Amino acid sequence: MTPKYRLVFFDVDSTLVTIEGIDVLAGGNPEVAKLTEAAMNGEIPLDQVYARRLEMIRPTRDAVAKLAQRYVDSLVDGARATLVALKKAGCIIHFVTAGIEQAVTSLGLEFGVKVHAVALQFTESGEYKDFDRRSPLTRPGGKEIVVRDVRSRMHGNAAFVGDGVSDLEAKPAVDLFIGFGGVHLRPRVRDNADVFVRGPRLDDVLPHLI
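Residues numbered from 1 in each chain as written. Predicted model: local features only at pLDDT ≥ 70, side-chain atom pairs only at ≥ 80, totals over all residues. Heavy atoms only, no water.

Colleague: Quick rundown of helix 5 (residues 79-88)? Include the residues and the values.
Modeller: When we look at burial in helix 5, the residues that qualify are Ala 79, Thr 82, Leu 83 and Leu 86. Around the axis of helix 5, the buried residues are gathered within 90 degrees of arc, so they sit on the same side. What points out from helix 5, more than 90 degrees from its buried face, is the exposed set Val 84 and Lys 88. Buried residues along helix 5 sit against strand 1 (7-10), strand 2 (92-100), helix 6 (101-111) and helix 10 (206-209). Just downstream of helix 5 lies Gly 90, where phi reads positive at about 100 degrees. (Buried < 20%, exposed > 50% of the residue type's maximum accessible area, 1.4 Å probe, protein only. Helix = DSSP H or I, 4+ residues; strand = E, 2+ residues; numbered from the N terminus. Arc of directions from axis to C-beta. Contact = heavy atoms within 4.5 Å.)

Colleague: A description of the pairing of strand 2 should follow, citing residues and the corresponding values.
Modeller: Looking along a regular strand, one sees the side chains alternate between the two faces of the sheet. Taken across its 9 residues, strand 2 has 8 buried, putting it largely inside the fold. Relative to strand 2, strand 1 runs parallel, the two sharing 4 bridges. Each bridged residue has a counterpart across the sheet, and for Val 8 the counterpart in strand 2 is Ile 93. Relative to strand 3 (residues 114-118), strand 2 runs parallel, the two being bridged by 4 bridges. Bridge pairing in strand 3 links Val 96 to His 116. Regarding topology, helix 6 serves as the crossover connection from strand 2 to the parallel strand 3, and that connection is right-handed. (Pairing = 2+ DSSP bridges. Right-handed = clockwise from strand over helix to strand, strands pointing away.)

Colleague: Quick one: what's the story with the side chain of Asp 132, residue by residue and with numbers?
Modeller: Looking at where Asp 132 falls in the secondary structure, it is placed in the loop between strand 5 (128-131) and helix 7 (142-151). With relative accessibility at 19%, the residue Asp 132 sits in the buried group. Here the side chain of Asp 132 touches Arg 134 through a polar contact of 3.0 Å, landing on its backbone nitrogen. Those residues in contact with Asp 132 that lie beyond four places of it in its chain are Val 118, Ala 119, Gln 121 and Thr 138. (Polar contact = N/O pair within 3.5 Å; in protein donor to acceptor, adjacent residues only side chain to side chain.)

Colleague: I'd love a proper account of the pattern of salt bridges, names of residues and values included.
Modeller: Enumeration according to the criterion identifies 15 salt bridges in this entry. Of the charged contacts in the structure, one is a salt bridge between Glu 110 and Arg 80, with a shortest N-O distance of 3.1 Å. Placement of Glu 110 in helix 6 and of Arg 80 in helix 5 is noted, with a sequence separation of 30 residues between them. Given the relative accessible area of 38%, Glu 110 is considered partly exposed. Residue Arg 151 pairs with Asp 175 through a salt bridge whose shortest N-O separation is 3.0 Å. One end of the pair, Arg 151, is in helix 7; the other, Asp 175, is in the loop between helix 8 (165-168) and strand 7 (176-180), with 24 residues separating them in the sequence. The class for Arg 151 is partly exposed, based on a relative accessible area of 23%. Looking at Asp 175, the relative accessible area reads 41%, which means it is partly exposed. When salt bridges with common partners are traced through the structure, they connect Asp 11, Lys 143 and Asp 167 into a single cluster. (Salt bridge = Lys/Arg side-chain N within 4 Å of Asp/Glu carboxyl O.)

Here it is in structure tokens:
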């Protein structure tokens, strides 16, 4: 069976998993959570909150390592079945996220999927130093840039599945944008997606992809 979409891109936080990694690192700090929600709803440009949140939290290497395991433990219902079914159908999957590379890589290893994320830099003792400021994923439109770069090297139709406005920005770079509301329903994404899947299970996207 040939899948409808050879390339399938997934957001991670609040799409594949039930958590927002940066909010977990913040330990429930309401100010950080408020910034995250505003950015995901498109109320504040991502580049205005990215550095600010990390400076507020200053996550250690150990905290990021714990977050890596939390990602694996926090899969949305149906996420594993979705990824297995897509791979079986011959789809090539990429995870595209503004999350922390050292944490999200755990999911990439779990499923054998390429991860595009933002690397943090630490001191020798494991304290927070900085993030990769060259990464387009820390800025508005970054996911579109990453998707276009991947597609320039591969043939086939492409789809993107995500929950936030930063995901919606990738819509011009794919043939199908699926908004997912299983963790958070964001009206701007619901209203502008090609297809909107309310969830709560992620495998509800499968009929649209294969």
